[in-house]
Amino acid sequence: MWDDAFPSFLIGLREGLEGGLIVSILIATLVRAGARQRLPQVWTGVLAAVALAMSFGAVLTFTAASLPTTAQEAFGGALSVIAVAFVTAMVFWMRRSARGLSGELKEKVTGALAMGSGVLVLTSFLAVGREGLETALFLWTTAQAAGESVGPLTGAGIGLVLATALCWGLYRRVLKINLTKFFTATGAVLIVIAAGVLGYGLRDLQEGGVLPGKAAFAFDLSGSVDAGSWYSTLLQGVLNLTPAMTWLQVVAYVAYLATVMTLFIRGVRTPAAKPAPSPEAEKPAPAPKPARSPRPRWVVPAAVVAVPAVVAAGVVAFSRPKPAGDQTVAVSPTDCGQGFTAPEPGRQTFRMHNTGGKTSEVYLIDPATNAVYGEIEGLAPGTTRDLVATVAGGTYAWRCVPTGGRPVTSKSVSVTGGKGATPVVPVSEQDLAAPLKAYKTYVEHGLDTLVTQTRTLDRDIAGGHLDQARTDWLTAHRTYASLGAAYGTFQDYDQKIDGRPDGLPDGVHDKAFTGFLRIEYGLWHGESAKDLSAPADRLAADTGGLRTAFPAQPFDPGDLPLRAHEILENTLQFELTGDTDMGSGTNLATADANLAGTRELLTVLKPLLTPRAPKLLPTVDADTARLQKLLAAAHDGDHWTPVDRLGTSGRQRVDGATGQLLEDLAAVPDLLEVRKSA
């Protein structure tokens, strides 16, 4: 966790020390001026600054959470770039101002004493508020980079506590710290950290579609760098340097670091003015007469805390999707869309209430093209669910599809203005006919090859050539694994050919355990050719039976988009956990074959995917190449590294690459889902 905590620890320590020094100087000035009764006004300003910073952090967090995924990426990236600008300015400002900060603040406090309590509150608020806002923004960006890690908040908390202790020691003259050297050293480190935050922010902007070059990698070391090692974790957590970075990230990182660090070092070498004396050494200023306030003392502190909180709550509430109208929208075979009026442009929440007697699917569509803006599946009778969609200029209508009934389309409404609404162009079974035909041809050719290979395996075992049988077993098994999108179509043959022993009374020794995994267990556990002869004969017979039956087996066109995601989902669940390893240690070879099957499936779906999501396939291709590279690194000639020998870091890299590819492929079923139309 420390790798995620260190940047926040440093910003918490530095910003906390800056703010603490300012508060210490303000308090010391009042004490020396004999105006202790005015200290509550300073603390009121400080409290207001803290409340503002916390409210600002809440606004950032909850506003981002209400955005769609791509918008969250763009929002976070933009704020990361802004945070870098603030931190850079803060580093240079403190380097210039640290020496004269005491005298400058003393002058402001002295002037405020003569102008009333409100000015003193404002002085302390402005003096501390800057550090508070900078801290909130920088912590938010580092927390975004760390994902779900609690490291950033832990590090910031430790830094702030330590800064508080240091400030108390300085105020009480228990400690002596060369603040100029402290702010110079931490400033240099923060510049390096800020360069990484800039690179991370630009990557988010690329992921959000704001900047180009998402797939233009300057380098990709994920296949050779141990992502789980201490040095890799430290670089990623502290400096935001990752094994794969785009050209934009690299150029921005180098340019920022070279430019800002050079300017910072030059400024440090410039002769400095004589430091101004600390407030403790100043002569006491004449104390003005205390101003009496008719209002209770708790009113102002309560107000300065409540006002930022109320404003933040209002901003959060306003940023969340608003209901599209005062009435719910009815869903039924007779009242589909009743209560639907033209919504305002933007992200809207529609409350859909099923008033009919059947479970229904509900779509918000463009009635001219049937393009879908949002949908709810399985809306039960009498229930209400929210449907969130982005609305822009165009024509909209509701389509209700009750179970076993005919689709019903509501009246249309028109919306003007707004942007950002991207509907999904509907897909029909007819659209999937050509990809299905192409894929069935691919499977038929694969089954022809499989029949030949299993017969060869059968002959190897019958002749007692078990070493050759192990080689031919892997070849045949990889062929079968590459036909992943047809598993559901193979019906009972899949369990016979590639079934696992899970749930069988006698496990691997059960008579119902057949197919590739049964033969694998025997070949790698010392069974004789005689013991394996019957399972090999049966496997050859079952693959021949599948080849004969396949042309007449029903193949649902809707299975194609689903399998684009499910093949690798099963790979992650079974192959990459070692669950299906019966002794050969070749699960990564099977995973490689599953990846080849996924590529073939995406090839036949490409004509449908490209016009609907032009950026999806290039991203998937980059992810696929990355995973392919990792799998190839585990293959040396005829030998594949077993999953359990990859080591923790190696498994994390493969699992991470597979997970990223799955995340991108998750959009395919939604994009190519067959939806009913009127």
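Note that the structure is predicted; figures quoted are calculated from it, not measured.

Caption draft 1: Structural view of the overall build of the protein chain. Counting secondary structure elements, the protein chain contains 20 helices and 13 strands. Considering only residue pairs separated by 6 or more positions, the protein chain has 76% of its internal contacts joining residues 24 or more positions apart. Carbon together with sulfur atoms contributes 59% to the accessible area of the protein chain, which is approximately 31900 Å² in total.

Caption draft 2: Structural context of the pairing of strand E7 (residues 371-379). With 6 bridges connecting them, strand E6 (residues 360-366) and E7 associate as antiparallel partners. Residue Ser-360 lies in a different strand from E7, and its bridge partner there is Leu-379. Where E6 hands over to E7, the hairpin turn is made up of 4 residues, of which Asn-370 adopts a positive phi near 65°.

Caption draft 3: The arrangement of the state of the cysteines in detail. Counted under the stated rule, the structure contains 1 disulfide. Shown here is the disulfide that connects Cys-336 with Cys-400, its sulfur atoms set 2.1 Å apart. Its torsion about the S-S bond being 85°, the disulfide of Cys-336 and Cys-400 is classed as right-handed. Residue Cys-336 is located in the loop between strand E4 (329-331) and strand E5 (346-354), and its partner Cys-400 is located in strand E9 (residues 394-402); the two are separated by 64 residues in the primary sequence. Each member of the pair, Cys-336 together with Cys-400, is buried.

Caption draft 4: Here's a closer look at the packing of helix H11 (residues 433-462) against helix H12 (residues 466-481). The contact between H11 and H12 brings their axes to 9 Å, and the two run at 165°. Here H12 runs roughly antiparallel to H11, going by the angle between their axes. As for how H11 packs across H12, the hand of that crossing is left-handed. Between H11 and H12, the contacting residues are Gly-446, Thr-449, Leu-450, Gln-453, Thr-454, Thr-456, Leu-457, Asp-460 and Ile-461 on the first element and Leu-466, Gln-468, Ala-469, Asp-472, Trp-473, Thr-475, Ala-476, Thr-479 and Tyr-480 on the second. Of the residues contributing to the contact of H11 with H12, the split by class is 8 nonpolar, 8 polar and 2 charged.

Caption draft 5: Region of the structure containing the packing of aromatic side chains. Summed over all chains, the structure comprises 11 aromatic pairs. Ring centres of Tyr-439 and Tyr-442 lie 5.3 Å apart, and the angle between their planes is 45°; on these two criteria the pair is classed as tilted. With a gap of 3 residues between them, Tyr-439 and Tyr-442 both fall in helix H11, about one helical turn apart. Ring geometry for Trp-473 versus Trp-524: centroids 5.4 Å apart, planes at 70°, classification edge-to-face. With a gap of 51 residues between them, Trp-473 in helix H12 and Trp-524 in the loop between helix H14 (516-523) and helix H15 (529-549) connect regions that are remote in the sequence. Residue classification places Trp-473 among the buried positions, given a relative accessible area of 1%. Of the residues examined, Trp-524 reaches a relative accessible area of 29% and is grouped as partly exposed. Aromatic rings pair up to connect Trp-473, Tyr-480, Phe-490, Phe-516, Trp-524 and Phe-550 into one cluster. The ring of Tyr-493 has Lys-496 sitting right over it, with the charged end atom 5.2 Å from the ring centre. Positioned above the aromatic ring of Phe-574, the side-chain terminus of Arg-500 is 4.0 Å from the ring centre.

Caption draft 6: The arrangement of H15 in detail. The end-to-end C-alpha distance of H15 is 30 Å, a good match for the 30 Å that 21 residues give at a rise of 1.5 Å each. Along its buried surface, H15 packs onto H11, H12, helix H13 (492-498) and H14.

Caption draft 7: Local environment of the side chain of Ser-584. Here Ser-584 is to be found in the loop between helix H16 (559-575) and helix H17 (587-612). Ser-584 sits in the buried class, given a relative accessible area of 14%. Here the side chain of Ser-584 touches Thr-586 through a polar contact of 2.7 Å, side chain to side chain.

Caption draft 8: Structural context of the environment of Leu-205. Of note, Leu-205 is situated in helix H7 (residues 179-207). Its relative accessible area of 10% is what places Leu-205 among the buried residues.

Caption draft 9: Spatial organisation of the nonpolar core. With 60 residues, the main nonpolar core has Leu-605 and Leu-609 as its most contacted residues. Broken down by element, this core gets its largest block of residues, 10 residues, from H17. Each residue touching Leu-605, except ones within four places of it in the same chain, is listed here: Leu-432, Pro-435, Leu-560, Pro-561, Val-668 and Leu-672. Among the nonpolar cores identified, the runner-up in size contains 20 residues, and Phe-350, Val-362, Ala-389 and Cys-400 belong to it.

Caption draft 10: Inspection of the packing of H16 against helix H19 (residues 647-665) at higher detail. Orientation of H16 relative to H19, taken along the N-to-C sense of each, is 160°, at an axis distance of 9 Å. With respect to H19, the element H16 is oriented roughly antiparallel. The handedness of the crossing between H16 and H19 is left-handed. Contacts from Ala-564, His-565, Leu-568, Glu-569 and Leu-572 in H16 reach Asp-655, Thr-658, Leu-661, Leu-662 and Leu-665 in H19.

Caption draft 11: Structural context of the confidence of the model for the protein chain. Averaged over every residue, the pLDDT of the protein chain is 79; the share at 70 or more is 71%. Taken together, the stretch residues 272-294 has pLDDT below 50 and engages in 29 contacts with residues farther than four places along the chain or on a different chain.

Caption draft 12: Molecular detail of the pattern of salt bridges. Counted according to the given criterion, the structure contains 9 salt bridges. Here Asp-592 and Arg-478 are joined by a salt bridge, their closest N and O atoms 3.2 Å apart. Linking Asp-592 in helix H17 with Arg-478 in helix H12, this pair joins segments that are 114 residues apart in sequence. Among the residues examined, Asp-592 registers a relative accessible area of 11% and is labelled buried. Note on Arg-478: relative accessible area 25%, which makes it partly exposed. Here the salt bridges share partners, and the residues they tie into one network are Asp-559, Arg-563 and Glu-566.

Parameters and conventions
Residues numbered from 1 in each chain as written. Predicted model: local features only at pLDDT ≥ 70, side-chain atom pairs only at ≥ 80, totals over all residues. Heavy atoms only, no water. Helix = DSSP H or I, 4+ residues; strand = E, 2+ residues; numbered from the N terminus. Contact = heavy atoms within 4.5 Å. Areas by Shrake-Rupley, 256 points an atom, 1.4 Å probe, with all protein chains shown as cover. Pairing = 2+ DSSP bridges. Disulfide = S-S within 2.5 Å. Buried < 20%, exposed > 50% of the residue type's maximum accessible area, 1.4 Å probe, protein only. Axes fitted to C-alpha atoms, helices over the stretch in contact; angles between N-to-C directions. Parallel < 35°, antiparallel > 145°, perpendicular 65-115°, else oblique. Left-handed = near helix turned anticlockwise from the far one by under 90°. Nonpolar A, V, L, I, M, F, W, Y, C, P; charged D, E, K, R; others polar. Phe/Tyr/Trp six-rings, centres within 6.5 Å; stacked < 30°, edge-to-face > 60°. Lys NZ or Arg CZ within 6 Å of the ring centre and 35° of its normal. Expected span 1.5 Å × (residues − 1). Polar contact = N/O pair within 3.5 Å; in protein donor to acceptor, adjacent residues only side chain to side chain. Core = buried A, V, L, I, M, F, W, Y, C linked by side-chain atoms within 4.5 Å. pLDDT = per-residue confidence, 0-100. Salt bridge = Lys/Arg side-chain N within 4 Å of Asp/Glu carboxyl O.

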